[in-house]
Amino acid sequence: MNALFPRLEAPGDDVALKVGGGAVTSLQLAEATAALRARVTQAGFGAGARIAVWTQGSLETAIALVAGAAAGFEVVPLDPKLGPLELSHIVKDAAPVMAFGADPAAVAGRIAVETLPLSPALRAHPGPRAPTREVDDAPLLILYTSGTTGLPKGAVLTARNVAFDLDALAKAWRWTAADTVVHALPLFHVHGLVLGLYGSIRVGGALNWFPRFLPREISEALSEGTTVFFAVPTMFHRLSEAAEADPEVIRGLRHARLLVSGSAALPQRDQLRLEALTGRRVLERYGLTETLINCAVRLDDPPAAGVVGAAIDGIELKLVDDERRTLDARDDSTIGEIAVRGPHVFAGYLNRPDATAAVKDADGWFFTGDLACMKPDGRLRIVGRRATDLIKCGGYKVGAGEVEAALLEHPAVREAAVLGAPDDDLGERIVAYVVLSRPAPAQELQDFVASQLSPHKRPREVHFVDELPRNAMGKVVKAKLRRG
Ligand code: MLC
Ligand code: AMP
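All figures in this text were calculated on a predicted structure; none of them were measured in a lab.

What counts, and where the lines are drawn
- Residues numbered from 1 in each chain as written.
- Chains lettered and ligands numbered in written order.
- Predicted model: local features only at pLDDT ≥ 70, side-chain atom pairs only at ≥ 80, totals over all residues.
- Heavy atoms only, no water.
- Near = heavy atom within 4 Å.
- Polar contact = N/O pair within 3.5 Å; in protein donor to acceptor, adjacent residues only side chain to side chain.
- Areas by Shrake-Rupley, 256 points an atom, 1.4 Å probe, with all protein chains shown as cover.
- Helix = DSSP H or I, 4+ residues; strand = E, 2+ residues; numbered from the N terminus.
- Buried < 20%, exposed > 50% of the residue type's maximum accessible area, 1.4 Å probe, protein only.
- Salt bridge = Lys/Arg side-chain N within 4 Å of Asp/Glu carboxyl O.
- Nonpolar A, V, L, I, M, F, W, Y, C, P; charged D, E, K, R; others polar.
- Axes fitted to C-alpha atoms, helices over the stretch in contact; angles between N-to-C directions.
- Parallel < 35°, antiparallel > 145°, perpendicular 65-115°, else oblique.
- Left-handed = near helix turned anticlockwise from the far one by under 90°.
- Contact = heavy atoms within 4.5 Å.

Enquirer: Would you explain the site of ligand 2 in this entry?
Expert: Taken together, 15 residues lie near ligand 2, and Arg285, Thr289, Asp370, Lys392 and Lys397 sit nearest. Taking arginine 285, its main chain carries an N or O atom lying 2.8 Å from a nitrogen atom of ligand 2. Between ligand 2 and aspartate 370 there is a distance of 2.5 Å, counted from an oxygen atom to a side-chain nitrogen or oxygen. Protein burial of ligand 2: of its 500 Å² of free accessible surface, 92% is covered by the chains.

Enquirer: Would you explain unusual backbone geometry in this entry?
Expert: A negative phi holds for most residues other than glycine; trans holds for most peptide bonds. Here the phi dihedral of leucine 292 falls at roughly 55 degrees; this positive angle occurs in a residue that is not glycine. Here leucine 292 lies in strand S14 (residues 292-296). By relative accessible area, leucine 292 is classed as buried at 0%. With a phi angle near 65 degrees, arginine 324 is a residue other than glycine that sits in the positive phi range. Position of arginine 324 relative to the elements: it lies in the loop between strand S16 (316-320) and strand S17 (326-327). Classification of arginine 324 as partly exposed rests on a relative accessible area of 36%.

Enquirer: Quick question: what am I supposed to make of the pattern of salt bridges here?
Expert: Side chains that carry opposite charge are capable of pairing whenever their charged atoms lie near each other. Summed over all chains, the structure comprises 35 salt bridges. Here aspartate 313 ties to lysine 171 by a salt bridge, and the two come within 2.5 Å at their closest N and O atoms. Pair noted here: aspartate 313 is in the loop between strand S15 (307-311) and S16 and lysine 171 is in helix H5 (residues 159-173), with a separation of 142 residues, a long-range link. Classification of lysine 171 as exposed rests on a relative accessible area of 58%. A single salt-bridge network, built from bridges that share partners, covers Glu241, Glu244, Asp270 and Arg273.

Enquirer: When you look at the site of ligand 1 in this model, what are you seeing that I'm missing?
Expert: The local shell around ligand 1 holds 24 residues, among which Lys81, Arg238, Ser263, Arg285 and Lys392 are the closest. In the model, an oxygen atom of ligand 1 is placed 3.0 Å from a nitrogen or oxygen of the arginine 458 side chain. Coverage of ligand 1 by the protein amounts to 73% of the 1100 Å² it exposes when considered alone. Counting only elements with at least two residues in the shell around ligand 1, the list comes to helix H6 (190-202), helix H8 (233-245), strand S13 (283-288) and helix H13 (442-452). Considering each element in turn, the shell around ligand 1 owes the most residues, 3 residues, to H8. Here the residues of the shell around ligand 1 sort into 9 nonpolar, 7 polar and 8 charged.

Enquirer: Explain the packing of helix H12 (residues 400-408) against H13 here, please?
Expert: Each pair of packed helices can be described by the angle between their axes along with the distance between the axes. Contact geometry of H12 with H13 gives a least axis separation of 9 Å together with a crossing angle of 110 degrees. Taken together, the axis directions place H12 and H13 in an arrangement best described as roughly perpendicular. At the point where H12 passes H13, the crossing takes the right-handed sense. Between H12 and H13, the contacting residues are Val403, Ala406 and Leu407 on the first element and Leu445, Phe448, Val449 and Gln452 on the second.

Enquirer: I keep staring at the side chain of serine 454 and nothing clicks. Help me out?
Expert: By the element assignment, serine 454 lies in the loop between H13 and strand S26 (461-464). Those residues in contact with serine 454, other than ones at most four positions away along the chain, are Asp79, Lys81, Leu82, Gly83 and Glu86.

As structure tokens, then:
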């Protein structure tokens, strides 16, 4: 037996999840797994059925995401703040047979399939517990991720992808059942869900999840026991700001066994600032929704600016040129695109063989679109990405095209061009250049995008221009906008 979550096969009174003052043991998680399986079976669906879980900020949400996976279902986490356009696309594309939510009233009527309340669905089931899910090659998660244009694509991740990647990270960081992971990340993306939640249940001791990021709360949680903190760079930036004003925040950061940053580049100035304040270095790791984590700084790696570590154990990683030919340069200066191959690479995009073929070749290599230099010992330094129309804002990936399309839905917008501008806090902020057909305030356009898409995709800055710079082919030249 090779269970995805081995502790659910021999559950006990060990605390596995803590959220907002509530907690559950592994025994309660195992019982919730049996209960959810019974509920879905009772509705006429068997193993492999696709269920949606709204990731509302509660303990029940975290339980359901584990229980759904352990019971053998395909899980589609839904961001409760998804805009109508994205939501209808996701629900149509993934077609979940059932949906669950901790607070169904808050999402009532938002999708065609009825949202069932989680509390009865997770209540202990009196029958015997069946074995939980094994590490197999069947889909486990459908995670939606943005591209440069069009609607988000559903990345299909298997149980093997997840188990393999988590085990490699456990080795890299000596992550064990003695660790409690603390994080305040959303549970609908790889970072919070796969690393934070599934990692804690497969490898670690417990997860202490904070649905909202508040530096003081995080630092208090880090002060208790042996803790590991996973966060995006924006959170480290805000923690260092808070630490400068509040010694209690420093105490928590000093106490943690491990501080890990990912989902976007951690600026060197934030790394140095945190180190000066707390004496602790933040370890970086690098990944994508489609591949989970590819590289990680190991515990005993020498400190090096901007380095995301070497490939995790058991995968292949190379740099390639524009024609995808291998670049054999470990000189820390030749720039190439990162390509990876291994058991962590996703099965493909749901219903999108064309999009899958564009990123994954017949030999199993996945082309990340990220540009890096490799050191002689294989450690990588990420220097940029191929697609300038992909923006990483607060660790969220946002396609310029989806924001432009949303802006164009506003009756006052004639033309729109969107790009990412460097931002000390968010890494990149979303900036819109707009040609109006009638007057409209910037705030109205920002609110409009926030109502059409997830609010984190709203432009943080709007510039009104008389016309957009275009080349002879009529294509907008964003570089000219960038230069101002
Ligand atoms: C603001 N809000 C609005 C609004 N303006 N709502 C409606 N209309 C408007 N005009 C709301 C927001 O919804 C939010 O609500 C609150 O106000 C604050 O919004 P914000 O300003 O956008 O939040 P911010 O403070 O900027 O968030 C920073 C952050 C967040 C760091 C907390 O960006 C974050 O959680 N990032 C994590 C992203 C992540 O997990 N990425 C992993 C991808 S996986 P409310 O209620 O929500 O507060 C990946 C692979 C890998 O990359 O390697 O890991
Ligand atoms: P997502 O599609 O949201 O999973 O985002 C994946 C992208 O995040 C990658 O392609 C990288 O561009 C970026 N990313 C993740 N981790 C890092 C990191 N440590 N440093 C720089 N960029 C990162």
